Amino acid sequence: MSEAGPAARPAAAPDRAATRRYTVAIAGATGVVGGTVRAILEERAFPVGELRLLASERSRGAQLAFKGAPVEVQVLEPGAFDGVDLAFFAAGGPVSKEFVPQAVAAGAVVIDKSSAFRADPAVPLVVPEVNADHLARHKGIIATPNCSTIQMVVALKPIYDAAGIERVVVSTYQSVSGSGKRGVDDLDRQAREWAAGQACSNGFYPHQIAFNLLPHIDSFLDDGATKEEQKMVDETVKIFGDDDIRVTATCVRVPVFGAHSEAVNVQTRRALPADEARRLFAAAPGIEVVDEPAALRYPMPLDAEGTDPVYVGRIRDDDTAPNCLNFWVVADNLRKGAALNAVQIAETLVAKGLL
Ligand SMILES: NC(=O)c1ccc[n+]([C@@H]2O[C@H](COP(=O)([O-])OP(=O)(O)OC[C@H]3O[C@@H](n4cnc5c(N)ncnc54)[C@H](OP(=O)(O)O)[C@@H]3O)[C@@H](O)[C@H]2O)c1
């Protein structure tokens, strides 16, 4: 039996779902993703009854604000999910592996930000703009993809629907907030040390990240790729449900605090000129086109940070191979790349009576 449980859950009556308030837990509430989930639940007025904030022993008793009131952080331990309807997990893979099955057994629906269950065929891997229909199959766990995958598949979706996708070549420029608190701390500290004329001290990353680039995200696999690169391949195929899409990725950590950028080259199955692609991007949900090179307007991480859209620009034909297009995609990795995608999944579950 899969860890996802034996059978898909029956849908709740829509009228009951519309008026209900949910007991919501955030596992990893003190982290950068968990904190953004809390903020977005409040911003989007998700129907939260009780909010339970969970973290490690290190955070016991800390107070975090929700809707203007302090909420005390509790330790993530057995029993923490009793009475919880919906649990967001943003505390890393090992914590998810241990506690997600406990949360499901306690009756919660789990939206997991880690990679622990993404490859499980019984667990839907969902980006609502792309494959919200997969949610109907959930058996208690829904996985949300890696941040670099999410923004890429949102951009690929209108192209896939219009012209099919043969192959994707993507290079990423990923911010330090994608590594969590410790990545942000490294860049912040090293930038101050550099400005003070001191040697930069390494901490989380194996090399200095300030004023540098690391072509290395997550661990290396036997074939020389990194796990982050392989996630972009496997997750794209699963989300589109199309084993024939070929993806090759190079993932790079850059000294940017927030928002990931990606240079994407896509080969479509049928011809799709750049002008038509630009119109398709502009009409697609979740995408904002910023593509006025003459006015020096193109997506940049500083503009994307703290906002919701997936920004697409630099859209142009690539004549070096048949049916190829180049474009540039930028999105806030903590919002659309993580917390916003998770909250949109929760909203879709409520709207479809699946929670
Ligand atoms: N950052 C991103 O852009 C991004 C995007 C997509 C997915 N994700 C995924 O989201 C998850 C969280 O990432 P993050 O970037 O938010 O990391 P982070 O800032 O380092 O936060 C980690 C959180 O997990 C908690 N935690 C760690 N060990 C724990 C334990 N043994 N028991 C209970 N809580 C524990 C921490 O609590 P304490 O504060 O008490 O230590 C903290 O709340 C990871 O699975 C990551 O892969 C992150």
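The structure this text deals with has already been given above.
Residues numbered from 1 in each chain as written. Predicted model: local features only at pLDDT ≥ 70, side-chain atom pairs only at ≥ 80, totals over all residues. Heavy atoms only, no water.

> What am I meant to see in the pairing of strand β11 (residues 260-268) here?
Regular strands have side chains that alternate between both faces of the sheet. By the criterion of burial, β11 is predominantly enclosed, with eight of the nine residues buried. Looking at chain direction, strand β9 (residues 165-174) and β11 are connected through eight bridges and run antiparallel. If you follow V170 over to β11, its bridge partner there is V264. Alignment of β11 against strand β14 (residues 324-331), held across eight bridges, turns out to be antiparallel. (Buried < 20%, exposed > 50% of the residue type's maximum accessible area, 1.4 Å probe, protein only. Helix = DSSP H or I, 4+ residues; strand = E, 2+ residues; numbered from the N terminus. Pairing = 2+ DSSP bridges.)

> How should I be thinking about the sheet that holds β11 in this particular structure?
Working definition: the strands of a sheet are paired by backbone hydrogen bonds and lie parallel or antiparallel to each other. Across the sheet, which stays open at both edges, the six strands sit in the order β10-β9-β11-β14-β13-β12 with mixed pairing between neighbours. The open sheet has two edge strands, β10 (246-253) and β12 (287-289), and neither has a second partner. If you compare each strand with its neighbour and ignore which way they point, the axes differ by 25° on average. Pairing geometry for strand β13 (residues 310-318) and β14, over six bridges, is antiparallel. (Axes fitted to C-alpha atoms, helices over the stretch in contact; angles between N-to-C directions.)

> Before we go on, may I ask you to explain helix α7 (residues 227-240) in this structure?
Note: α-helices contain 3.6 residues per turn, so residues at a spacing of three or four share the same orientation. The end-to-end C-alpha separation of α7 is 20 Å, in line with the 20 Å expected for 14 residues at 1.5 Å each. Among the 14 residues in α7, ten count as buried, and that is most of the element. Within the span of α7, buried status applies to E228, E229, K231, M232, V233, E235, T236, V237, I239 and F240. Once α7 finishes, G241 follows within two positions and takes phi at roughly 60°, a positive value. (Expected span 1.5 Å × (residues − 1).)

> Where do I start with the site of the ligand in this structure?
Taken together, the neighbourhood of the ligand is formed by 26 residues, with T30, S56, S59, S177 and K181 sitting nearest. Contacts to the ligand include G31, whose backbone N or O atom sits 3.0 Å from an oxygen atom. The backbone of V32 places a nitrogen or oxygen atom 3.0 Å from an oxygen atom of the ligand. In the complex, 80% of the free accessible area of the ligand, which totals 890 Å², lies under the protein chains. If you list the elements that add at least two residues to the shell around the ligand, you get α2 (32-43) and α10 (335-351). Each residue belonging to the shell around the ligand can be placed in one class, and the counts come to eleven nonpolar, twelve polar and three charged. (Near = heavy atom within 4 Å. Polar contact = N/O pair within 3.5 Å; in protein donor to acceptor, adjacent residues only side chain to side chain. Areas by Shrake-Rupley, 256 points an atom, 1.4 Å probe, with all protein chains shown as cover. Nonpolar A, V, L, I, M, F, W, Y, C, P; charged D, E, K, R; others polar.)

> Can you walk me through the side chain of H138 in this structure?
The topology assignment puts H138 in the loop between α4 (128-131) and β8 (141-143). On the accessibility criterion, H138 (1% relative accessible area) is buried. A distance of 2.9 Å separates the side chain of H138 from the backbone nitrogen of G140, its partner in a polar contact.

> Even after reading the chapter, I still don't get helix α8 (residues 274-283), so can you show me in this structure?
Among the residues of α8, A274, A277 and F281 are the ones counted as buried. For α8, the buried positions fall inside an angular range of 55° around the axis, keeping them on one side. In α8, the exposed positions angled more than 90 degrees off the buried face are occupied by R279, A282 and A283. The inward-facing, buried residues of α8 abut α5 (147-163), β12, β13 and β14. (Arc of directions from axis to C-beta. Contact = heavy atoms within 4.5 Å.)

> Would you mind showing me how to read the pattern of salt bridges here?
Two side chains of opposite charge can pair, provided their charged atoms sit close to one another. Inspection of every chain in the model, using the stated rule, returns 20 salt bridges. One salt bridge connects E347 with R44, and the closest N-O pair in it is separated by 2.8 Å. Taken together, the residues span a long stretch of sequence, with E347 in helix α10 and R44 in the loop between α2 and β2 (48-55) at a distance of 303 residues. For E57, the salt bridge identified is with R60, shortest N-O distance 2.7 Å. (Salt bridge = Lys/Arg side-chain N within 4 Å of Asp/Glu carboxyl O.)

> Is there a simple way to think about the packing of α2 against α10 in this case?
Helix-helix packing: each pair is described by the crossing angle between the helix axes and the interaxial distance. Taken N-terminus to C-terminus, the directions of α2 and α10 make an angle of 50°; their axes are 9 Å apart at the nearest point. Relative to α10, the element α2 is oriented oblique. Taken as a pair, α2 and α10 cross one another with a handedness that is right-handed. When α2 is examined against α10, the residues V33, T36, V37, I40, L41 and E43 are found in contact with a partner set consisting of R335, A338, A339, L340 and V343. (Parallel < 35°, antiparallel > 145°, perpendicular 65-115°, else oblique. Left-handed = near helix turned anticlockwise from the far one by under 90°.)

> Help me understand the state of the cysteines in this model?
Linking two cysteines covalently through their sulfur atoms gives a disulfide. A full pass over the atoms with the stated rule returns zero disulfides. Not engaged in a disulfide, the cysteine C251 finds its nearest cysteine sulfur in C147; these two sulfurs lie 9.0 Å apart. For C251, a relative accessible area of 0% translates into the label buried. (Disulfide = S-S within 2.5 Å.)

> Would you take a moment to explain the side chain of H134 for this structure?
Take H134: it is sitting in the loop between α4 and β8. In contact with H134, other than residues within four places in its own chain, are P124, V126, K238 and I239.

> Please clarify how the sheet that holds β8 should be interpreted in this entry.
Ordered in space as β5-β2-β1-β6-β7-β8, the six strands form an open sheet in which the pairing is parallel. Bordering the open sheet on either side are β5 (74-75) and β8, each of which pairs with just one other strand. Pairing between β2 and β5: two bridges, direction parallel. Paired with L54 across the two strands is Q74, which belongs to β5. This element, α10, spans β1 (22-27), β6 (86-89), β7 (109-112) and β8 of the sheet and lies at about 150° to β7.

> Explain the pairing of β6 to me, please; I cannot follow it from the model alone.
Neither face of β6 is exposed, since L86 and F88 on one face and A87 and F89 on the opposite face are all buried. Both β1 and β6 contribute to a ladder of four bridges, which runs parallel. Each bridged residue has a counterpart across the sheet, and for A25 the counterpart in β6 is A87. Sheet topology places β6 next to β7; four bridges connect them, and they run parallel. Across the sheet, residue F89 finds its bridge partner in β7, namely D112. Regarding the hand of the β-α-β motif, the stretch spanning β6, helix α3 (residues 93-105) and β7 is right-handed. (Right-handed = clockwise from strand over helix to strand, strands pointing away.)

So, to be careful, I would describe these as geometric facts and stop short of saying anything about function.
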